[in-house]
Amino acid sequence: MSDRAVDLRSDTVTLPTPEMRRAMANAELGDDVFGEDPTVNRLEELAAERTGKEAAVLVTSGTQGNLVGVLSHTQRGDEVIVGDQAHIFHYEVAGCAVVGALQLRTVHNVDGMLDPAEVEAAIRPPNVHHPRTSLVCLENTHNRNGGAVLDSAQIHAVAAVAHRHGVSVHLDGARIFNAAVALGVEVHTLTAEVDSVTFCLSKGLAAPVGSVLCGRKDYIETARKYRKMLGGGMRQAGVIAAAGIVALNTMVDRLVEDHENARLLAEGLADLPGIVLDPKKVRTNIVIFDVTAPIGAAGLLMALKERGVLCTVAGPERIRMVTHYGIVREDIERAILAARDVLVGVAVSAR
Ligand code: TLP
């Protein structure tokens, strides 16, 4: 058995493939702020094509992509509707409030979905006292909802309500390729109804850096200004884009493996004492479960770490594990064995 840690903290820990490293070393470069990096331009064209949008812009991260994406749809003082479990709401350092002077209004997230009727009720009618509702944000797959997947009908249902009221829709599609693979559809079928989408190259697709924001041509022109304002004008960024092109061309189909490993992990964990988890809900590469055992989430995380298995805490009684490129079936078996070792020990000593 290998001594290497089984790192299930995130798919952000993935390392670039040998083909990516070669492409980075050999990339044709120019100054991207002048629009002259041919490799960035190729990546942006490819990203626009995959998402079915007119244009795209390479950004430094998912967080920058969402912030630039939101700013490009809104004015200071507007209100943005997001799910109460959205990454934008929980993990993006209140960028919308700090940089955009935007008010976020939350509606319930259930299995990654927003209830269209609740969204409609949250859209403000014109009134001198109200902020203007200018945007609704969706997330697919949904991180805090355990990698839940939205299909095109669900996205359409929310987008139809927003558009009926003249409100735009931004999709945080950090893991949209996982959603597409889980559903067996092309990404553009999931992005057809949204006005903009951010997706990440540096998660399951294993590129070292970068995300892409896609949308209409004029919208992406606006986004380029906000990207520059936020320090995202990256000059010879073709070294990053080169890996991104390899990611899009070679790393999408293999996401199936990550999903199978996640399901296997969930099935193995669900049987253990003190774990509450429905493996049927695990459709992509994120496994989130509750720990009812007295050890708690922080205690389980530490005990697993001592056994060479790394994960993250998602709440006092909640753990997250993420499968990715570099995690193989044997790692999943090791993780399950380690969790069994800890939790069976806890159950026996509690008797
Ligand atoms: N998520 C990270 C952490 O921030 C929690 C992770 O390990 O999952 N949207 C979604 C849905 C994300 O999961 C993330 C990253 C982002 C946006 C932000 O991307 P980065 O980390 O590139 O800024």
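Now for a description of the structure that goes with this document. Just so it is clear, the structure is predicted and the values come from calculations on it, not from any experiment.

### Details of the state of the cysteines
The full count for this structure, using the stated rule, is zero disulfides. C200 provides the cysteine sulfur closest to C214, a residue in no disulfide bond, and the two sulfurs are 11 Å apart.

### Description of the sheet that holds strand 12 (residues 286-291)
Strand order across the open sheet formed by four strands is 11-12-15-14, with antiparallel pairing between neighbours. At either end of the open sheet lies a strand with only one pairing partner, and these are strand 11 (275-276) and strand 14 (312-315). Along the sheet, helix 12 (residues 255-270) contacts strand 11, strand 12 and strand 15 (318-322); its crossing angle with strand 12, the most-contacted strand, is approximately 15 degrees.

### Here's the deal with the site of the ligand
Around the ligand, 14 residues are found, and the nearest of them are S10, G62, T63, N143 and D172. Here D172 contributes a side-chain N or O atom positioned 2.7 Å from a nitrogen atom of the ligand. Interatomic distance of 2.8 Å between a side-chain N/O atom of R320 and an oxygen atom of the ligand. Summarising the interface, the protein chains cover 81% of the accessible area of the ligand, which totals 510 Å² for the free molecule. A per-element tally of the shell around the ligand places helix 3 (residues 62-71) first, with three residues. Classifying every residue of the shell around the ligand gives one nonpolar, seven polar and six charged.

### Observations regarding the pairing of strand 14
Of the pairings in the sheet, the one linking strand 14 to strand 15 comprises three bridges and is antiparallel in character. What sits directly across from V313, in strand 15, is I319. With antiparallel pairing between neighbouring strands as the criterion, strand 14 and strand 15 make up a hairpin whose turn holds two residues.

### Thoughts on the layout of surface pockets
Quantified by volume, the largest pocket comes out at close to 430 Å³. Take the lining of the largest pocket: its biggest share by element is five residues, from strand 12. Looking at side-chain class alone, the lining of the largest pocket contains nine nonpolar, two polar and seven charged residues. Looking at which domains feed residues into the lining of the largest pocket, each of domain 1 (6-13 + 254-349) and domain 2 (18-250) gives three or more. What the second largest pocket holds in volume is close to 360 Å³. Looking at the lining of the second largest pocket, the elements with two or more residues in it are helix 3, strand 14 and strand 15. Broken down by class, the residue content of the lining of the second largest pocket amounts to six nonpolar, twelve polar and eight charged. Built from parts of two domains, the lining of the second largest pocket gets at least three residues from each of domain 1 (6-13 + 254-349) and domain 2 (18-250).

### A few points about the pairing of strand 9 (residues 196-200)
Burial analysis of strand 9 places five of its five residues in the buried class, which makes it a mostly covered element. A two-sided burial pattern is seen for strand 9, the buried positions comprising S196, T198 and C200 on one face and V197 and F199 on the other. Direction of pairing for strand 8 (residues 168-172) relative to strand 9: parallel, over a ladder of three bridges. Looking at the pairing, L171 lines up with V197 of strand 9. In terms of strand pairing, strand 9 meets strand 10 (residues 211-215) through five bridges, oriented antiparallel. Bridging from a neighbouring strand, C200 pairs with S211 of strand 10.

Basis of the calculations
- Residues numbered from 1 in each chain as written.
- Predicted model: local features only at pLDDT ≥ 70, side-chain atom pairs only at ≥ 80, totals over all residues.
- Heavy atoms only, no water.
- Disulfide = S-S within 2.5 Å.
- Pairing = 2+ DSSP bridges.
- Helix = DSSP H or I, 4+ residues; strand = E, 2+ residues; numbered from the N terminus.
- Contact = heavy atoms within 4.5 Å.
- Axes fitted to C-alpha atoms, helices over the stretch in contact; angles between N-to-C directions.
- Near = heavy atom within 4 Å.
- Polar contact = N/O pair within 3.5 Å; in protein donor to acceptor, adjacent residues only side chain to side chain.
- Areas by Shrake-Rupley, 256 points an atom, 1.4 Å probe, with all protein chains shown as cover.
- Nonpolar A, V, L, I, M, F, W, Y, C, P; charged D, E, K, R; others polar.
- 1 Å grid on protein atoms, 1.4 Å probe; cavity = no way out; pocket = protein on both sides within 12 Å on 5 of 7 lines; lining within 4 Å.
- Points joined across faces, edges and corners; volume = space filled by probe spheres on them.
- Domains from an automatic or database assignment.
- Buried < 20%, exposed > 50% of the residue type's maximum accessible area, 1.4 Å probe, protein only.

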